[in-house]
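Observations on the three-dimensional arrangement
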Amino acid sequence: MRPLEDGFVAEALSPDLGFYVRATHRLAERHSPLQHIEIVETPLFGRAMRIDDCFMTSERDEFFYHEPIVQLPAVSHGRVHSALVIGGGDGGTIEELLKHPGMARVLMVELDADVIDMARTWLPNIHRGAFLDRRVELHIGDGLAFVHQCTEQFDQIVLDLTDPFGPALALYTAEFYAACRRALTPGGVLSLHIQSPIHRGPTLARIVASLKTAFPIVRPYLQYVPLYGTLWGMAMASDSVDPLTLSTEEVDRRIAALGLRDLQLYNGATHHSLLAQPNYLRELLAAPAAPIKADDSLDDPSLDPALNIAPQF
């Protein structure tokens with residue numbers, strides 16, 4: 001355990017926006033062949049994971065992210081038995097999926113085994129032992145290649161990815177989403193985060209446009225994630241399941257029938273509040289946006305890794 005000299009860890013969200021979190025100790029640190037992984041202790045959020053100087057998750061706010069990205073599509077589907085998670089090495093997403101009593105298999109494809117190893121050791125309050133569940137299968141490798149080569153189908157796919165820059169951008173393309181649709185059962189559901197409408201609006205719009213090339217139903221939704229310092233976008237896509245068709249009462253009935261426990265955010269009322277689109281988001285999504293194609297680049301300065309060149313001050 002190593003004290004942090006100045007007590008604050010900063011993260012830049014764009015050239016014009018950032019935030020800081022007080023952190024008292026760096027509990028663990030590892031330079032994997034792929035990235036720099038840290039576990040820091042914070043008074044507000046408890047233990048938090050950072051990758052390449054960006055906050056990923058924390059003990060006390062993880063449900064703001066993991067519940068919406070998993071439960072809104074899963075409950076909308078209503079009978080999820082198998083799931084594929086691309087990324088999500090902290091284990092929070094698979095923990096949410098395992099709450100479903102009918103879940104028979106969860107396959108996680110994570111590029112960096114060191115992320116899983118660090119989470120297993122330091123973040124038990126996030127994964128809650130999910131890595132040891134007999135229904136979970138771990139595959140260390142490239143999620144892009146896995147989905148394109150996949151010959152089986154899943155009821156739910158969750159893309160729990162890093163932001164769309166560098167090699168990760170290939171997992172935000174129209175071609176990749178088409179491959180995801182092929183890997184879904186009829187009536188299957190896909191969910192992912194799509195960046196922030198506050199400082200990455202054009203990128204969010206392009207991701208939604210890319211999803212619409214592969215799926216007839218695409219529903220963006222919004223959630224404030226404290227550790228991310230901003231309002232964050234997510235989306236659900238499907239060939240036939242539309243979360244907007246469910247009433248508040250039906251969502252609550254399904255939650256009760258499924259026996260879902262320990263939900264700190266998601267219920268029938270928040271289901272609809274997540275999906276409600278403010279006017280500025282409607283205008284953003286109504287404007288023309290080019291789908292992201294393979295080998296495209298994003299002209300988005302907020303995704304420049306150099307922004308976090310000096311994350312502590």
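Everything here concerns the structure above.
A brief look at the structure comes next. (Residues numbered from 1 in each chain as written. Predicted model: local features only at pLDDT ≥ 70, side-chain atom pairs only at ≥ 80, totals over all residues. Heavy atoms only, no water.)

It is worth spelling out the overall build of the protein at this point. For the protein, the count of helices and strands is 10 helices and 14 strands. In terms of C-alpha radius of gyration, the protein reaches 18 Å, essentially the compact-globule figure of 20 Å for 313 residues. Taken along its principal axes, the extent of the C-alpha atoms in the protein is 55 × 45 × 40 Å. Taken over 313 residues, the protein has a buried fraction of 58%. Contacts in the protein between residues at least 24 apart in sequence constitute 67% of all its contacts with a sequence separation of at least 6. On the protein, roughly 13,000 Å² of surface is accessible, and the fraction owed to carbon and sulfur atoms is 53%. Of the side-chain charges in the protein, 25 are positive and 40 negative, and the distance between the mean point of each set is 6 Å. (Helix = DSSP H or I, 4+ residues; strand = E, 2+ residues; numbered from the N terminus. Rg over C-alpha atoms; globule rule 2.2 N^0.38 Å. Buried < 20%, exposed > 50% of the residue type's maximum accessible area, 1.4 Å probe, protein only. Contact = heavy atoms within 4.5 Å. Areas by Shrake-Rupley, 256 points an atom, 1.4 Å probe, with all protein chains shown as cover. Lys, Arg positive; Asp, Glu negative; His and termini not counted. Charge placed at Lys NZ, Arg CZ, Asp CG, Glu CD.)

All right, on to empty space enclosed by the protein then. Tallied over the full model, the rule gives one cavity of 30 Å³ or more. For the largest cavity, the calculated volume is near 30 Å³. Lining the largest cavity, in full, are M56, T57, S58, D61, E62, Y65, H66, V225, L227 and Y228. Ranked by residues supplied to the lining of the largest cavity, first place goes to strand β7 (residues 54-58) with three residues. (1 Å grid on protein atoms, 1.4 Å probe; cavity = no way out; pocket = protein on both sides within 12 Å on 5 of 7 lines; lining within 4 Å. Points joined across faces, edges and corners; volume = space filled by probe spheres on them.)

Attention now goes to the pattern of salt bridges. Evaluated as defined, the whole model comprises 17 salt bridges. Of the charged contacts, one joins E250 and R254 as a salt bridge, the two residues approaching to 2.8 Å between their closest N and O atoms. Separated by four residues within a single helix, E250 and R254 lie in helix α8 (residues 248-258), roughly one turn from each other. Assessed through its relative accessible area of 19%, R254 is described here as buried. (Salt bridge = Lys/Arg side-chain N within 4 Å of Asp/Glu carboxyl O.)

The next point concerns the packing of helix α7 (residues 201-212) against helix α10 (residues 279-286). Running from N to C, α7 and α10 cross one another at 60°; their axes reach a closest spacing of 9 Å. Looking at the two axes, α7 sits oblique to α10. Note on packing geometry: the crossing formed by α7 with α10 is right-handed. Contacts between α7 and α10 involve G201, P202, L204, A205 and V208 from the former and L281, L284 and L285 from the latter. Split into classes, the residues belonging to the contact of α7 with α10 amount to seven nonpolar, one polar and no charged. (Axes fitted to C-alpha atoms, helices over the stretch in contact; angles between N-to-C directions. Parallel < 35°, antiparallel > 145°, perpendicular 65-115°, else oblique. Left-handed = near helix turned anticlockwise from the far one by under 90°. Nonpolar A, V, L, I, M, F, W, Y, C, P; charged D, E, K, R; others polar.)

Two elements, strand β4 (residues 25-31) and strand β5 (residues 36-42), share six bridges in a ladder whose sense is antiparallel. Note on β5: the bridge partner recorded for E29 is E38. Between β4 and β5, which follow one another and run antiparallel, lie four residues. (Pairing = 2+ DSSP bridges.)

Looking at the element boundaries, S210 is found in helix α7. A relative accessible area of 0% places S210 in the buried class. A sequence separation of 36 residues divides S210 from A174, and the C-alpha atoms of the two residues are 4.6 Å apart.

Extensive coverage of strand β2 (residues 8-14) is indicated by the burial of six of its seven residues. Taken together, the six bridges between β2 and strand β3 (residues 17-22) define a ladder with antiparallel strand orientation. The partner of S14 across the bridge, within β3, is L17. Linking two consecutive strands that pair antiparallel, namely β2 and β3, is a turn of two residues.

Looking at the secondary structure, you find R26 in strand β4. Under the relative-accessibility criterion, R26 is labelled buried at 9%. At 2.7 Å, the side chain of R26 and the side chain of E38 are in polar contact. (Polar contact = N/O pair within 3.5 Å; in protein donor to acceptor, adjacent residues only side chain to side chain.)

To find the voids left in a structure, one rolls a probe of water-molecule size over its atoms. Each pocket or cavity is described by its volume, and for the largest pocket that value is around 960 Å³. In this structure, the largest pocket is lined by 41 residues; those nearest its centre are Q35, L161, T162, D163 and A168. Considering every element that reaches the lining of the largest pocket, the biggest residue donor is β7, with three residues. Grouping the constituent residues of the lining of the largest pocket by class yields 21 nonpolar, 11 polar and nine charged.

Attention now moves to the sheet that holds strand β14 (residues 230-238). Spatially, the seven strands line up as an open sheet ordered β10-β9-β8-β11-β12-β14-β13, and their pairing is mixed. Because the sheet does not close on itself, it has two edges, and the strands there are β10 (136-140) and β13 (217-225). Each adjacent strand pair in this sheet contributes to an overall mean axis angle of 15°, direction not counted. Contacting β12 (184-195), β13 and β14, α7 runs over the sheet at an angle of about 170° to β12.

Time to look at the packing of aromatic side chains. Taken as a whole and assessed by the stated rule, the structure comprises six aromatic pairs. Judged by centre distance (5.0 Å) and plane angle (85°), the ring pair of F8 and Y20 falls under edge-to-face. With F8 in strand β2 and Y20 in strand β3, this pair connects stretches of sequence that are 12 residues apart. What makes F8 partly exposed here is its relative accessible area of 29%. One aromatic cluster is present, formed by Y65, Y228 and W232 through successive ring pairs. (Phe/Tyr/Trp six-rings, centres within 6.5 Å; stacked < 30°, edge-to-face > 60°.)

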